[in-house]
Amino acid sequence: MPDSLRLLLIVLACVAVALYTWRRLHHRSFWLVVGYPLTAISVRAGWRKVALGCGLTKKRARWAFTLTPGAVVSTGTVKVRRRFRRVAVDTKPWMWLPMPTRHGWRVTLHLLEGQIPDDYSQAAERLAHSWGVHAVRVSSPRPGRVVLAATIRDPLVRVDRLPPSDELLKVTVGRLETGKPWVIDFRTVPHWLNAGATQSGKSNLANALIVGLAPQPVALVGFDLKGGVEFTPYSCRLSALATTRAESVGLLDDLVALMLARMGLCRTAGARNLWQLPPAVRPVPVVVLVDELAELYLMADKSEKDEIAKTSTALLRVAQLGRAFGIYLFCCGQRIGSDLGPGVTALRAQCSGRICHRVNDPETATMTLGDLDPAALVSARAIASETPGVAIVASQDGQWYRARSFHVSEQAAEHSARMYADLAQHWNEITAGVHTNEMNDSDLTELLNA
Ligand SMILES: Nc1ncnc2c1ncn2[C@@H]1O[C@H](COP(=O)(O)OP(=O)(O)OP(=O)(O)O)[C@@H](O)[C@H]1O
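Residues numbered from 1 in each chain as written. Predicted model: local features only at pLDDT ≥ 70, side-chain atom pairs only at ≥ 80, totals over all residues. Heavy atoms only, no water.

K.L.:
Would you take a moment to explain the domain arrangement of the chain for this structure?
P.N.:
By convention, interface size is frequently given as the accessible area that disappears when the constituent parts associate. By domain assignment, the chain separates into domain 1 (84–153) and domain 2 (170–449). Taken over C-alpha atoms, the centre of domain 1 sits 38 Å from the centre of domain 2. On the domain 2 side, the residues contacting the eight residues of domain 1 number eight residues. In this assembly, domain 1 packs against domain 2 so that about 600 Å² is buried in total across both faces, 44% of it on carbon and sulfur atoms. Considering only the side of domain 1, the residues that lose the most area to domain 2 are Arg102, His103 and Arg137, jointly responsible for 61% of the buried surface there. Remark: the boundary between domain 1 and domain 2 carries one salt bridge. Counting across the domain 1 and domain 2 interface gives two residue pairs in polar contact (both at pLDDT 80 or more). (Domains from an automatic or database assignment. Contact = heavy atoms within 4.5 Å. Buried area = accessible area lost by both parts, 1.4 Å probe. Salt bridge = Lys/Arg side-chain N within 4 Å of Asp/Glu carboxyl O. Polar contact = N/O pair within 3.5 Å; in protein donor to acceptor, adjacent residues only side chain to side chain.)

K.L.:
Before we go on, may I ask you to explain the sheet that holds strand β3 (residues 99–101) in this structure?
P.N.:
Where strands meet in a sheet, backbone hydrogen bonds hold them as pairs that are either parallel or antiparallel. The antiparallel open sheet is built from four strands, whose spatial order is β3-β4-β6-β5. The sheet terminates laterally at β3 and β5 (135–139), the two strands that pair on one side only. Ignoring which end each strand starts from, the neighbouring axes of this sheet average 30° apart. Of the strand pairs in this sheet, strand β4 (residues 104–110) and strand β6 (residues 145–151) are connected by seven bridges, and their pairing is antiparallel. Bridge pairing in β6 places tryptophan 105 opposite alanine 150. Across the sheet, helix α5 (residues 124–131) is in contact with β4, β5 and β6; its angle to β5 comes to roughly 135°. (Pairing = 2+ DSSP bridges. Helix = DSSP H or I, 4+ residues; strand = E, 2+ residues; numbered from the N terminus. Axes fitted to C-alpha atoms, helices over the stretch in contact; angles between N-to-C directions.)

K.L.:
Quick question: what am I supposed to make of the site of the ligand here?
P.N.:
Of all residues adjacent to the ligand, which total 16 residues, the nearest are Thr198, Gln199, Ser203, Asn204 and Ser405. In the model, an oxygen atom of the ligand is placed 2.8 Å from a nitrogen or oxygen of the lysine 202 side chain. Between the ligand and serine 405 there is a distance of 2.6 Å, counted from a nitrogen atom to a backbone nitrogen or oxygen. When the ligand is considered free in solution it has 630 Å² of accessible area, and contact with the protein chains removes 76% of it. Going through the elements one at a time, α6 (202–213) and β16 (400–405) are the ones with two or more residues in the shell around the ligand. Looking at which element gives the most residues to the shell around the ligand, the answer is α6, with three residues. (Near = heavy atom within 4 Å. Areas by Shrake-Rupley, 256 points an atom, 1.4 Å probe, with all protein chains shown as cover.)

K.L.:
Just checking my understanding: could you explain the UniProt feature "transmembrane region" (unreviewed entry) in the chain for this structure?
P.N.:
UniProt's feature table lists "transmembrane region" (unreviewed entry) at residues 6–22, given in the numbering used throughout. Measuring from the first to the last C-alpha atom of residues 6–22 gives 24 Å, for a span that is 100% helix and 0% strand. (UniProt positions renumbered as here; feature names shortened; annotations may be inferred.)

K.L.:
Please explain the UniProt feature "domain: FtsK" (unreviewed entry) in the chain as it appears in this structure.
P.N.:
In the numbering used here, UniProt assigns the "domain: FtsK" (unreviewed entry) feature to residues 179–366. Secondary structure content for residues 179–366 is 38% helix and 20% strand, and the end C-alpha separation is 26 Å.

K.L.:
Explanation requested: helix α12 (residues 374–381) in the structure shown.
P.N.:
Helical periodicity: at 3.6 residues per turn, an α-helix aligns residues three or four positions apart in one direction. Along α12, the residues classified as buried are Ala376, Ser379 and Ala380. Burial along α12 is one-sided: seen end-on, the buried residues are contained in an arc of 100°. In α12, the exposed positions angled more than 90 degrees off the buried face are occupied by Pro374 and Val378. (Buried < 20%, exposed > 50% of the residue type's maximum accessible area, 1.4 Å probe, protein only. Arc of directions from axis to C-beta.)

K.L.:
Honestly, the sheet that holds strand β9 (residues 191–195) in this entry has me stumped. Any pointers?
P.N.:
Spatially, the 10 strands line up as an open sheet ordered β8-β7-β16-β15-β14-β9-β13-β12-β10-β11, and their pairing is mixed. Each having just a single partner strand, β8 (181–185) and β11 (238–242) make up the two edges of the open sheet. The mean angle between the axes of side-by-side strands here comes to 25°, regardless of whether they run parallel or antiparallel. Of the strand pairs in this sheet, strand β7 (residues 170–176) and β8 are connected by five bridges, and their pairing is antiparallel. Residue pairing in the sheet places lysine 170 in a bridge with aspartate 185 of β8.

K.L.:
Help me understand the environment of proline 69, please; the structure alone is not making it clear to me.
P.N.:
Among the structural elements, proline 69 can be located in strand β1 (residues 58–72). Sequence spacing of proline 69 and proline 141 is 72 residues, and the spatial spacing of their C-alpha atoms is 49 Å. Beyond its immediate sequence surroundings of up to four residues, proline 69 is in contact with Val78 and Lys79.

K.L.:
Explain the nonpolar core to me, please; I cannot follow it from the model alone.
P.N.:
Within soluble globular proteins, side chains that are nonpolar generally end up buried alongside one another. Membership of the largest hydrophobic core comes to 81 residues, with the highest contact counts inside it found for Phe186, Phe223 and Phe330. Counting residues per element, this core draws most heavily on helix α7 (residues 245–269), which supplies nine residues. Among residues more than four places away in sequence, those in contact with phenylalanine 186 are Leu169, Trp192, Leu209, Leu213, Val287, Tyr328, Leu329 and Phe330. With 26 residues, the next largest nonpolar core counts Tyr36, Ala40, Tyr120 and Leu127 among its residues. (Core = buried A, V, L, I, M, F, W, Y, C linked by side-chain atoms within 4.5 Å.)

K.L.:
What's the story with the pairing of strand β14 (residues 353–356) in this structure? I'm lost.
P.N.:
One face of the sheet, then the other: side chains in a regular strand alternate in exactly this way. What you see with β14 is no split at all: Gly353 and Ile355 on one side and Arg354 and Cys356 on the other are buried throughout. Pairing between β9 and β14: four bridges, direction parallel. Residue alanine 195 lies in a different strand from β14, and its bridge partner there is cysteine 356. As defined by bridge partners, β14 adjoins strand β15 (residues 390–394) across three bridges and the pair is classed as antiparallel. Bridging across to β15, cysteine 356 finds its partner in isoleucine 392.

K.L.:
Can you help me understand the pattern of salt bridges in this one?
P.N.:
Two side chains that carry opposite charge are able to pair once their charged atoms sit near each other. Considering all chains together, one arrives at 11 salt bridges under this definition. A salt bridge links glutamate 230 to lysine 226, with the nearest nitrogen and oxygen atoms 3.3 Å apart. Note that arginine 245 and glutamate 307 form a salt bridge whose closest N and O atoms lie 3.9 Å from each other. Residue arginine 245 is found in helix α7, and its partner glutamate 307 is found in helix α9 (residues 305–321); the two are separated by 62 residues along the sequence. With a relative accessible area of 13%, arginine 245 lands in the buried category. For glutamate 307, a relative accessible area of 28% translates into the label partly exposed. Among the charged side chains, a salt-bridge network with shared partners connects Arg137, Asp154, Glu177 and Arg402.

Here it is, written out as structure tokens:
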């Protein structure tokens, strides 16, 4: 082999090793300097073919030179004539330059006449395969535009922790597929439904909430219909815990009475909700965690009918009116189906926050997400059992996302509960006087004036 060729091969090998090491060690800078420009050029250059293949083009009349067969010449050959005329050509949607994001890139498109963002949502999977990326998500920030966000590989395989939020009733529980934090903010979305099959990551999410809420001035209330095995270890930070249906009836009774008392307080103060009350008299917000919702509704025999009806009505009242009076719900369940009774369907309608982990039956996914977007449903059914904690989340911005919670062990949650046990207000203190109606309007006025 000539020396010059050997030298060239050595240089090429060194460059390849340097690029590989750079990519492994500084993935982000490698992507920005090498990966992104190449991707942007190839996406932009190949857009016509991709749009045609995915059915996103429209026929438009254009002036063009065409070749048409003319008269037959004596030798038998056909004379070809060039003509300038209007022909129908495939027009692609206008594409801006792709911009780099944390996990891939995003690009804005101008919709063609007659197109809607849903046309792009339906083509999202085809686009992802054409570009060789993990997923393409579609959003429409304003009429006439769609933004396609491509993620190169699944960003939820490993999620690294984010700093905790220090805002009241706001907890960062994981990461969204877009790389943004997954935040549960009870003041924006007061009631949540968290569905998932066994071992899908529901309790992990509840643990993340306990760790996030434990240091905050918030009363935590647990309904653990799994016989108390889930929440009993955190009981030192809980203000109240019900572990049986009978205890649940009593605790829900307290919650409804508490809500009515707070209603009276707000009325007397001329406030529309708890947050408009002066801080000195504002009662502590209450976050209610329910594990295994179905157990509250399942009827073994007819004797339980009244108890279930009571529970169902009380929970629904809390969901309907609780937000204004600082009572928030987070309900977990393996199976949430209409067969559990009309109470569940009504409760679902009140829960605007929806989280769907991997589920076993399509009905639970439909119940949790079905009235949002059919594509969310398809995505939920595709969650693999190897990735516990991955869920489809209907977020406060009205869109849905794939997300994964941070892994929070039971030990970590127990540690937080023990550490902030002194912040747990006693339930008797919180509900003092709410049942006996001890506080009449004049007492409340006195309290407000004090
Ligand atoms: N985000 C996550 N990252 C990594 N592992 C997770 C995550 N979420 C859950 N896991 C693991 O998955 C397993 C099941 O999680 P979890 O107990 O939360 O499921 P579950 O839905 O509550 O199940 P069950 O209904 O049977 O109680 C646990 O071992 C947990 O450590």
